[in-house]
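So the chains spell out like this:
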Amino acid sequence: QVQLVESGGDLVQAGGSLRLSCAASGTIFSINAMGWYRQAPGKQRELVATITSGGSTNYADSVKGRFTISRDNAKNTVYLQMTSLKPEDSALYYCPAVGFSSSYYPFGSWGQGTQVTVSS
C-alpha cells in the first residue's frame, strides 16, 4: 500500500507564493507519474500539473507561467512551486501518484489534500 501526504498549504495574500510538497511512502517499486489536482468548493476536481519519472511536465493553462512542478525521485516526493497566486487558486490541493508496488502490482493513490487559500 502506498500513502501520499501533502503539506505546505496556507493562507496567503494575492500575489504571494507557496510551495507544496507531497511525499509517497509504503511499498514502492517505482513511481511513473505524480501530480497535483485541486478542488474548490462547489467545483469539480481539476488538473493542475503532472510530472513523469523522466521529468516531462504538463500544466493546466490557468497556471502556466506561474506554477512549477518538480520531483525528487530518490525521495519519492513531488513539489509545486506556486507564484503570483490569485484568489481563484484557492482550493484543496491533492497529490496523486501512479506506479508499481512490485514488478507486477500497479498502484494508484491520492493524498488527503492540503488547503490553499488566497486572499484578495
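For the structure, see preceding data.
These figures come from a predicted structure and were not determined experimentally. (Residues numbered from 1 in each chain as written. Predicted model: local features only at pLDDT ≥ 70, side-chain atom pairs only at ≥ 80, totals over all residues. Heavy atoms only, no water.)

(A) Fine view of the state of the cysteines. Within the structure shown, the criterion is met by one disulfide. One disulfide bridge connects C22 with C95, the sulfur atoms lying 2.1 Å from each other. Taking the torsion about the S-S bond as the criterion, the C22 to C95 disulfide, at about -80 degrees, is left-handed. One end of the pair, C22, is in strand β3 (residues 18–26); the other, C95, is in the loop between β9 (91–94) and β10 (96–100), and 73 residues separate them in sequence. (Disulfide = S-S within 2.5 Å. Helix = DSSP H or I, 4+ residues; strand = E, 2+ residues; numbered from the N terminus.)

(B) Seen up close, the pairing of strand β8 (residues 77–82). Counting buried positions along β8 gives five out of six residues, so the element sits mostly inside the fold. Across six bridges, β3 lies against β8 in antiparallel orientation. Within β8, the residue paired with A23 across the bridge is T77. In this sheet, β8 lies alongside strand β7 (residues 67–72) in antiparallel orientation, the contact comprising six bridges. The residue of β8 that forms the bridge with I69 is L80. Connecting β7 to the antiparallel partner β8 that follows it, the hairpin turn spans four residues, and N76 within it adopts a positive phi of roughly 50 degrees. (Buried < 20%, exposed > 50% of the residue type's maximum accessible area, 1.4 Å probe, protein only. Pairing = 2+ DSSP bridges.)

(C) Looking closely at the environment of G54. Secondary-structure assignment places G54 in the loop between β5 (46–52) and β6 (57–59). Judged by its relative accessible area of 71%, G54 falls in the exposed class. In sequence terms G54 and K86 are 32 residues apart; their C-alpha atoms lie 30 Å from each other.

(D) Focus on unusual backbone geometry. Residues other than glycine seldom take positive phi values, yet N76 does so here, at roughly 50 degrees. Position of N76 among the secondary structure elements: in the loop between β7 and β8. Taking relative accessible area as the criterion, N76 reaches 22% and is therefore assigned partly exposed. Unlike most non-glycine residues, S84 shows phi in positive territory, near 45 degrees.

(E) The arrangement of the packing of aromatic side chains in detail. Inspection of the entire model under this criterion finds two aromatic pairs. Ring geometry for Y37 against W110: centres 5.2 Å apart, planes inclined by 70 degrees, an arrangement best described as edge-to-face. Highlighted residues: Y37 in strand β4 (residues 30–39) and W110 in strand β11 (residues 106–110), separated in sequence by 73 residues. Judged by centre distance (6.5 Å) and plane angle (80 degrees), the ring pair of Y94 and W110 falls under edge-to-face. (Phe/Tyr/Trp six-rings, centres within 6.5 Å; stacked < 30°, edge-to-face > 60°.)

These values are about where atoms sit, not about what they do.
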